[in-house]
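# Secondary and tertiary structure notes
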Amino acid sequence: KQWYQRRVRGPKYGYYPKPLKTVLIIKDHAKIAEAKHIFEGTGIKLSVEGERHLGAVLGSDSFRQSYVKNKVSKWVRDVEQLSEIGKEEPQAALFGYTKGLCHRWTFLQRTVPGISDLFEPLEKVIAEKFIPAIVGNEVSELQRDMMALPVRFGGLGLANPVKTAEREYETSRKVTENLVDLIKQQDLTLENYHPKSVKACIAKLKEEKESALKQKLSVIVSQLKTTDMRSARALQLAQEKGCGAWLTALPLASMGYVMNKQEFRDSIKLRYGWKIADIPSYCVCGERNDIDHTLTCKTGGHVIFRHNKIRDVNANFLRQVCHNVVVEPELLPIESANLQGGQGNQADKARLDISATGLWGPFQKTMMDVRMFHPYAKTYKDQKISDVYSRHEKEKQRSYLHRVLQIEKASFTPLVYSTNGGMAKEARRFHKKVAHMIADKTRESYSDVINCMRTKLTFAMLRSVLISVRGSRGKTTKAPETPLSYVSFNLIPEIQQYESY
């Protein structure tokens, strides 16, 4: 009766029911014959097991399990294909997984309960094939848990589908509970729908998820401290704001965001403090070589190269919104005897890294000096990273603050960064200010601008570090070459042929 009423009255309201897209699920198997008789000739599909509905599934437990298993087997094949791509293009494979493939099963997890164990084959292929393909080596169970964390918590965003299934379903159920009750009651007025309570529920669930992730992170860090202190420190450093921007950025060649497989895998190892096996055992300076020595050795000019790269990126940011941006400006000389012999850099022709007008005030001149340090150096081994940042900022201020204020009549901002991609308090304040100015000028959103700035800066730091790891050091010798002016071309003998015909 309801079907025929919908066929007659539906078109008046713009509703055109289609029999071929209509499924009648019969719970009582004894009534299947009666249903066939009633709906004979209508084209409606009759089912006693279940049917797919909007990407989810309705029906008996056995039918739901069979449906989910078929879906999981297809996703397993997709991950296997992506793993093959990841062997040559790990960056593209990771981006394709985190931004596309993994969301295929998120909706199913949110709509079908009790299916977490059915995702074990998918988790197996992720842990045993996909991750080794993009990382370049096998990972332990603890390392797998570490990579399952979001990027902002130091992970790679490769969540374990077995562990997320029940959480996703419960979250979806709680958020839609109010609306589901109204549908069951056939309430057409929606007067009892409370969007504010739904919004509050979403906020509460986010807090619970955040708390659960922090607790999981704490457990992983405590376990790492018993086995690998370097990885434990690396995981804590990887949580700094902006450190993981290179993992979430779209790999665009035009923006310089594309890395080859060696660069990407080296970046992963640097992120987690893992050893890079195929680097020289000894440096050209004669010292035993490892990652820490590579990033602190001054031979080859890589330390100053990293410094200059960050300086130039920041100068380009300032050129968009400030005036009179100068790289390596020379400080005014100190002529007063009262100021000579004081603290800080008193040398003639001393230079800072950047100067600009209009940063902190319309006509105020600001001078900046850049420093980039390696947080794993022996000097900082047992220090908190916040204390190390503060120490470098204070050193810069002792060297230049008094002179800039008294002689240049300008303000001074130290820009301190670390090789893992983090930055000190003053540097964060500087980038926020520049981002606000660019956003106001271009009428773009602040969040988009600051994200773009952090991505550019992170890639600049990362690439400069990779060049230090893989680049050549020392002077290269060229084979002696005779100038063309010394060659008499008419004296070149003809080539004799010795073949017999």
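In this report, we go over the structure that sits alongside the text. (Residues numbered from 1 in each chain as written. Predicted model: local features only at pLDDT ≥ 70, side-chain atom pairs only at ≥ 80, totals over all residues. Heavy atoms only, no water.)

### Describing the sheet that holds strand β7 (residues 365-373)
Taking strand neighbours across the sheet as the criterion, the four strands line up as β5-β6-β7-β8 in an open arrangement whose pairing is mixed. With one partner strand each, in any of the chains shown, β5 (323-327) and β8 (411-418) form the two edges of the open sheet. Averaged over neighbouring strand pairs, the angle between their axes works out to 20 degrees when direction is ignored. In this sheet, strand β6 (residues 354-357) lies alongside β5 in antiparallel orientation, the contact comprising three bridges. Counted as the bridge partner of V327 is I354 from β6. Against the sheet, helix α15 (residues 385-408) touches β7 and β8, its axis set at about 155 degrees to β8. (Pairing = 2+ DSSP bridges. Helix = DSSP H or I, 4+ residues; strand = E, 2+ residues; numbered from the N terminus. Axes fitted to C-alpha atoms, helices over the stretch in contact; angles between N-to-C directions. Contact = heavy atoms within 4.5 Å.)

### Let's talk about the nonpolar core
Note on soluble globular proteins: their nonpolar side chains tend to be buried together. Ranked by internal contacts, the top residues of the largest apolar core, which has 93 residues, are Y97, L122, I268, L318, Y417 and V434. When residues in this core are grouped by element, the largest group, 11 residues, is from helix α17 (residues 446-470). Apart from the residues within four sequence positions on either side, L122 is in contact with V72, W75, V76, V79, W105 and P161. Residues L331, M367, V404 and F412 belong to the second largest nonpolar core, which totals eight residues. (Core = buried A, V, L, I, M, F, W, Y, C linked by side-chain atoms within 4.5 Å. Buried < 20%, exposed > 50% of the residue type's maximum accessible area, 1.4 Å probe, protein only.)

### Quick notes on the packing of aromatic side chains
For any pair of aromatic rings, geometry is given as the distance between the ring centres together with the angle between the planes. Throughout the structure, instances matching the rule amount to 10 aromatic pairs. Measuring from ring centre to ring centre gives 4.7 Å for Y257 and F459, while their planes differ by 15 degrees; the resulting arrangement is stacked. Here the residue Y257 occupies a position in the loop between α11 (245-248) and α12 (261-272), and F459 occupies one in helix α17, the gap between them amounting to 202 residues. Here the two residues Y257 and F459 agree in accessibility, since each one is buried. Summarising the aromatic geometry, the rings of F373 and Y389 are spaced 5.4 Å apart at their centres and angled 75 degrees between planes, so their arrangement reads as edge-to-face. (Phe/Tyr/Trp six-rings, centres within 6.5 Å; stacked < 30°, edge-to-face > 60°.)

### Details of helix α14 (residues 302-319)
Along an α-helix, residues three or four positions apart point the same way, because every turn accommodates 3.6 residues. The end-to-end C-alpha distance of α14 is 26 Å, a good match for the 26 Å that 18 residues give at a rise of 1.5 Å each. Looking only at α14, the buried set comprises H302, R306, H307, I310, R311, V313, N314, A315, F317 and L318. (Expected span 1.5 Å × (residues − 1).)

### Observations regarding unusual backbone geometry
A positive phi is found at E328, a non-glycine position, where the angle reads about 55 degrees. Among the structural elements, E328 can be located in the loop between β5 and β6.

### Focus: the side chain of T366
On the secondary structure map, T366 appears in strand β7. Looking at T366, its side chain comes within polar contact range of the side chain of S411, at 3.0 Å. Apart from the residues lying within four places of it in its own chain, the contact partners of T366 are I354, S355, A356, L359, W360, S411 and T413. (Polar contact = N/O pair within 3.5 Å; in protein donor to acceptor, adjacent residues only side chain to side chain.)

### Observations regarding a positive patch on the surface
A grouping of K241, K425, R428 and K432 is seen on the molecular surface, where their side chains present a positively charged patch. The class for R428 is partly exposed, based on a relative accessible area of 36%. (Patch = residues over 30% accessible without salt bridge, like charges linked within 9 Å, V, L, I, M, F, W, Y side chains within 5 Å. Areas by Shrake-Rupley, 256 points an atom, 1.4 Å probe, with all protein chains shown as cover. Salt bridge = Lys/Arg side-chain N within 4 Å of Asp/Glu carboxyl O. Lys, Arg positive; Asp, Glu negative; His and termini not counted. Charge placed at Lys NZ, Arg CZ, Asp CG, Glu CD.)

### Things to note about helix α3 (residues 61-86)
Here α3 contains 26 residues, and its C-alpha end-to-end distance of 36 Å stays within 8% of the 38 Å for a straight helix at 1.5 Å per residue. If you check which residues of α3 are buried, you get Y67, V68, V72, W75, V76, D78, V79, L82, S83 and G86.

### Examining a nonpolar patch on the surface
Taken together, the side chains of L179, I183, L190 and Y193 define a hydrophobic patch exposed on the protein surface, amounting to about 350 Å² of accessible area. Relative to the helices and strands, I183 resides in helix α8 (residues 161-184). Among the residues examined, I183 registers a relative accessible area of 54% and is labelled exposed.

### Let's talk about the pattern of salt bridges
This structure, assessed with the given rule, holds 23 salt bridges. Between K74 and D78 there is a salt bridge, with the nearest N and O atoms lying 3.5 Å from each other. Placement of the pair is K74 and D78 together in helix α3, with a separation of four residues, close to one helical turn. Measuring nitrogen to oxygen at the nearest pair gives 3.2 Å for the salt bridge that ties R429 to E426. Note that R429 and E426 are positioned in helix α16 (residues 425-442) at a spacing of three residues, about one turn of the helix. Members of the salt-bridge network, linked through shared partners, are K74, D78 and R104.

### A word on the packing of α8 against helix α9 (residues 195-227)
Where α8 meets α9, the closest approach of the two axes is 9 Å, and the angle between their N-to-C directions is 160 degrees. Here α9 runs roughly antiparallel to α8, going by the angle between their axes. For α8 against α9, the interelement crossing comes out right-handed. For the pair formed by α8 and α9, the contact residues are R167, T171, K174, V175 and N178 on the first element and V198, C201, I202, L205 and K209 on the second. For the contact of α8 with α9, the class distribution of residues is five nonpolar, two polar and three charged. (Parallel < 35°, antiparallel > 145°, perpendicular 65-115°, else oblique. Left-handed = near helix turned anticlockwise from the far one by under 90°. Nonpolar A, V, L, I, M, F, W, Y, C, P; charged D, E, K, R; others polar.)

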